[in-house]
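# Structure assessment
Listed here are the chains, written in short residue letters.
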Amino acid sequence: KAGVTQTPRYLIKTRGQQVTLSCSPISGHRSVSWYQQTPGQGLQFLFEYFSETQRNKGNFPGRFSGRQFSNSRSEMNVSTLELGDSALYLCASSFGDENEKLFFGSGTQLSVL
Amino acid sequence: GEDVEQSLFLSVREGDSSVINCTYTDSSSTYLYWYKQEPGAGLQLLTYIFSNMDMKQDQRLTVLLNKKDKHLSLRIADTQTGDSAIYFCAESIRNYGQNFVFGPGTRLSVLP
């Protein structure tokens, strides 16, 4: 069974640009969560989508947005990039139930120059 | 608010046991988890424990939970160089609008 797939693996952008990251969850999983990982802040929750609806949201500005498609694949968009957005962005999928375990992809390493 | 704390570094000799400790704040957490992250990779689920248990063993891994003190530990027996990684403790807190809260991670270095 294929794991969580994130594309692209690496991205280099400049300030002010926007970026879209993609995540394909494990087959059968309906929940997709996004996390930002930086050396200074650790792992911070961005948002969670379940059945095409945002179900939970972390404390990030509106420049960070996401969506989920009917096949459970999810995309995350960051607009007007800032230097501080440089991070590893991790996607995790689960069935979305109370008894849940998150399964992570390898992440997208975003560098903003 | 909810918070998970861990020591940041641990060094052990190959063959020794490693014990990584974690404290959490939300007593309503149903499950507590341990994840492992190797360089350049995502997080890999190692093991988890249900909050009404106080111990779980899985091969070389032993998880101990002290619910009264909100203390979780992960013991790795016969630690190998391949165990060198960052270990994250996490709790699931759906009611607070966020499903998982992760600790800062403990970097385990295994010395030959």
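For the structure, check the block above.
Let me begin by describing the structure that accompanies this report. A quick note: this is a predicted structure, and the numbers were derived from the prediction, not measured.

### Looking at the overall build of chain B
- Broken down by element type, chain B carries 0 helices and 11 strands.
- In summary, chain B has a C-alpha radius of gyration of 14 Å against a globular reference of 13 Å for 112 residues, a match within 12%.
- With respect to the three principal axes, the spread of C-alpha positions in chain B is 45 × 30 × 20 Å.
- Out of the 112 residues in chain B, the part that is buried amounts to 46%.
- Long-range pairs, those at least 24 residues apart, make up 55% of the contacts in chain B between residues at least 6 apart in sequence.
- Roughly 5,400 Å² of accessible area belongs to chain B as shown, and the carbon and sulfur atoms make up 48% of that amount.
- Across chain B, the 10 positively charged side chains and the 13 negatively charged ones have centroids separated by 2 Å.

### Quick look at the pairing of strand 7 (residues 61–66) of chain B
Residue and element names in this part refer to chain B.
- As paired elements, strand 6 (residues 55–58) and strand 7 share 4 bridges and run antiparallel to each other. Each residue of the ladder has a partner; that of Asp58, found in strand 7, is Leu61.
- Linkage of strand 6 to strand 7, two consecutive antiparallel strands, is achieved through a turn of 2 residues, within which Gln59 is found at a positive phi near 55°.
- Across 6 bridges, the pairing between strand 7 and strand 8 (residues 71–76) is antiparallel. Counted as the bridge partner of Thr62 is Arg75 from strand 8.
- Where strand 7 folds back onto strand 8 in an antiparallel hairpin, the turn is made up of 4 residues, including Lys70, whose phi is positive at roughly 55°.

### A few points about the sheet that holds strand 7 (residues 64–68) of chain A
All names here are of chain A.
- Strand order in this open sheet of 4 strands is 1-3-8-7, and the pairing throughout is antiparallel. The open sheet has two edge strands, strand 1 (5–7) and strand 7, and neither has a second partner. The average undirected angle you get between the axes of adjacent strands in this sheet is 20°.

### Here's the deal with the state of the cysteines
All names here are of chain A.
- In the structure shown here, the tally under the stated rule is 2 disulfides over all chains.
- Note on cysteine connectivity: Cys23 is disulfide-linked to Cys91, with sulfurs 1.7 Å apart. In this structure, the disulfide formed by Cys23 and Cys91 twists by about -50° around the S-S bond and is classed as left-handed. Highlighted residues: Cys23 in strand 3 (residues 19–24) and Cys91 in strand 9 (residues 87–94), separated in sequence by 68 residues. Just as Cys23 is buried, Cys91 falls in that class too.

### Description of the pairing of strand 5 (residues 42–50) of chain A
Residues and elements named next belong to chain A.
- Counting buried positions along strand 5 gives 8 out of 9 residues, so the element sits mostly inside the fold.
- Bridge count for strand 4 (residues 31–38) against strand 5 is 8 bridges, and the pairing is antiparallel. Residue pairing across strands places Val32 opposite Tyr49, the latter belonging to strand 5.
- Taking the residues that link successive antiparallel strands as the turn, the strand 4-strand 5 hairpin has 3 residues.
- By the bridge criterion, 4 bridges tie strand 5 to strand 6 (residues 53–57) in an arrangement that is antiparallel. The partner of Phe47 across the bridge, within strand 6, is Lys57.
- Counting the residues between successive antiparallel strands, the hairpin from strand 5 to strand 6 contains 2 residues, one of them, Ser51, with a positive phi of roughly 50°.

### Quick look at the packing of aromatic side chains
- The final tally for this structure, using the stated rule, is 16 aromatic pairs over all chains.
- Both rings, one in Tyr31 of chain B and one in Phe50 of chain B, keep their centres 4.9 Å apart while their planes meet at 45°; by these two values the pair is tilted. Here the residue Tyr31 of chain B occupies a position in strand 4 (residues 31–37), and Phe50 of chain B occupies one in strand 5 (residues 43–50), the gap between them amounting to 19 residues.
- With relative accessibility at 12%, the residue Tyr31 of chain B sits in the buried group.
- Residue class for Phe50 of chain B comes out partly exposed when judged on its relative accessible area of 30%.
- Where Tyr33 of chain B meets Tyr35 of chain B, the ring centres are 6.3 Å apart and the plane angle is 35°; that geometry is what we call tilted.
- Ring pairing ties together the aromatic residues Tyr35, Phe45 and Phe104 of chain A together with Tyr31, Tyr33, Tyr35, Tyr48, Phe50, Phe88, Phe100 and Phe102 of chain B, which thus form one cluster.
- Positioned over the ring face of Tyr10 of chain A is Arg9 of chain A, at 5.2 Å from the centre of the ring.
- For the cation-ring pair, Arg55 of chain A lies above Phe50 of chain A, with the distance from its terminal atom to the ring centre recorded as 4.2 Å.

Calculation notes
Residues numbered from 1 in each chain as written. Chains lettered and ligands numbered in written order. Predicted model: local features only at pLDDT ≥ 70, side-chain atom pairs only at ≥ 80, totals over all residues. Heavy atoms only, no water. Helix = DSSP H or I, 4+ residues; strand = E, 2+ residues; numbered from the N terminus. Rg over C-alpha atoms; globule rule 2.2 N^0.38 Å. Buried < 20%, exposed > 50% of the residue type's maximum accessible area, 1.4 Å probe, protein only. Contact = heavy atoms within 4.5 Å. Areas by Shrake-Rupley, 256 points an atom, 1.4 Å probe, with all protein chains shown as cover. Lys, Arg positive; Asp, Glu negative; His and termini not counted. Charge placed at Lys NZ, Arg CZ, Asp CG, Glu CD. Pairing = 2+ DSSP bridges. Axes fitted to C-alpha atoms, helices over the stretch in contact; angles between N-to-C directions. Disulfide = S-S within 2.5 Å. Phe/Tyr/Trp six-rings, centres within 6.5 Å; stacked < 30°, edge-to-face > 60°. Lys NZ or Arg CZ within 6 Å of the ring centre and 35° of its normal.

Just distances and angles here, no functional claims.
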